[in-house]
Amino acid sequence: AARLATVSDYSRRDIADRYEVSMAHIDVVYNGVGDAFAPLSDEERRSAREAYASGSEYIICVGSLHPRKNIARLLLAFDSLLTRHPGDLRLVIVGERFWWDPRMRQAWDGMKHKDRVHFTGRLGQEKLAHALGGACALAFVSYFEGFGIPVAEAMRCGVPVVAAETTALPEVAGNAAHYCDPYSVKDIARALYEVWTDAELRSELGRKGLERSQRYTWDKAATALWQSFERMCADAGTANRGQRP
């Protein structure tokens, strides 16, 4: 009668395949987004740019510096973007340096625009909401995500999302993200440039993101998890009845 709950249908299928668990016994309970995440006023956005990017426009990346987060290719893509299209854009990277592997070191050492990259370390929820809300886009180009909470948080802030077209990210973001191939530096740079320079695209993605983010609330998560408990109890009752003489 045991059941599993996981955060996306992608994760549901992955668990079923890897551990030979019937998908009928796995429920999807999407993550929620905290109340701190909401669109910022123009003054708050200016404040965020001053705090995190020396007053400039910036693209933000949120997540620990782990190889699966694809930070090395993001750095190379950002450097390529500024080399081909000079401008006062910054890249703000939020997260702890759990990993600084040779690939990231090589990418960093080869960058021409290191001075445009800002590392904040880990931020608490209020500061993270401020930093996210002030960005012109979130870059989330991971190789693998079971959900991708920063995508939902950025959408709740009305911030456009550039996402890897892989694993759970298309499920979470739907048509509210501008997608790229996470294995192609050129394609990541292309997606970043298009969102950075196209105000109409940014506005459309922000609007769609706000709409889509409404499915990711903790009330809805609690309801879905409770329904999973109810199914578990019903399964247990059926199993017990089947064992009676």
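First things first, this report covers the structure right here in the doc. For clarity, every value in this text was computed on a predicted model and none was experimentally measured. (Residues numbered from 1 in each chain as written. Predicted model: local features only at pLDDT ≥ 70, side-chain atom pairs only at ≥ 80, totals over all residues. Heavy atoms only, no water.)

### Let's talk about a nonpolar patch on the surface
Logical step 1: A contiguous nonpolar surface patch, about 380 Å² in accessible area, is contributed by L225, W226, F229 and M232.
Logical step 2: Within the fold, L225 resides in helix α10 (residues 218–243). (Patch = residues over 30% accessible without salt bridge, like charges linked within 9 Å, V, L, I, M, F, W, Y side chains within 5 Å. Areas by Shrake-Rupley, 256 points an atom, 1.4 Å probe, with all protein chains shown as cover. Salt bridge = Lys/Arg side-chain N within 4 Å of Asp/Glu carboxyl O. Helix = DSSP H or I, 4+ residues; strand = E, 2+ residues; numbered from the N terminus.)

### Some remarks on the pattern of salt bridges
Logical step 1: Counted by the stated rule, this structure contains 16 salt bridges.
Logical step 2: A salt bridge links E145 to K69; its shortest N-O distance comes to 2.7 Å. Taken as a pair, E145 in the loop between β6 (137–140) and α6 (149–156) and K69 in the loop between β3 (58–62) and α3 (71–84) lie far apart in primary sequence, 76 residues in all. Just as E145 is buried, K69 falls in that class too.
Logical step 3: Across the pair D187 and R190 runs a salt bridge, and its minimum N-O distance is 3.0 Å. Here the residue D187 and the residue R190 both occupy positions in helix α8 (residues 185–197), the gap between them amounting to three residues, near one helical turn.
Logical step 4: Given a relative accessible area of 22%, D187 falls into the partly exposed group.
Logical step 5: A residue is classified by how much of its surface remains accessible, and R190, at 27% relative accessible area, is partly exposed. (Buried < 20%, exposed > 50% of the residue type's maximum accessible area, 1.4 Å probe, protein only.)

### So, the packing of aromatic side chains
Logical step 1: Applying the stated criterion to the full structure yields eight aromatic pairs.
Logical step 2: Ring geometry for Y10 and F144: centres 5.8 Å apart, planes at 65°, overall edge-to-face. Of this pair, Y10 sits in helix α1 (residues 9–19) while F144 sits in the loop between β6 and α6; the two residues are 134 residues apart in sequence, bridging distant segments of the chain.
Logical step 3: Residue classification places Y10 among the buried residues on the basis of a relative accessible area of 18%.
Logical step 4: Look at Y193 and W196: their rings are 6.4 Å apart centre to centre, the planes differ by 80°, and that puts the pair in the edge-to-face class. With Y193 and W196 both in helix α8, this residue pair falls three residues apart, about one helical turn.
Logical step 5: Judged by relative accessible area, Y193 falls into the partly exposed class, the value being 29%.
Logical step 6: The buried category is assigned to W196, whose relative accessible area is 14%.
Logical step 7: Taken together, the ring pairs connect Y30, F147 and Y216 into an aromatic cluster.
Logical step 8: Lying across the ring of W108, K114 places its NZ or CZ 5.9 Å from the centre. (Phe/Tyr/Trp six-rings, centres within 6.5 Å; stacked < 30°, edge-to-face > 60°. Lys NZ or Arg CZ within 6 Å of the ring centre and 35° of its normal.)

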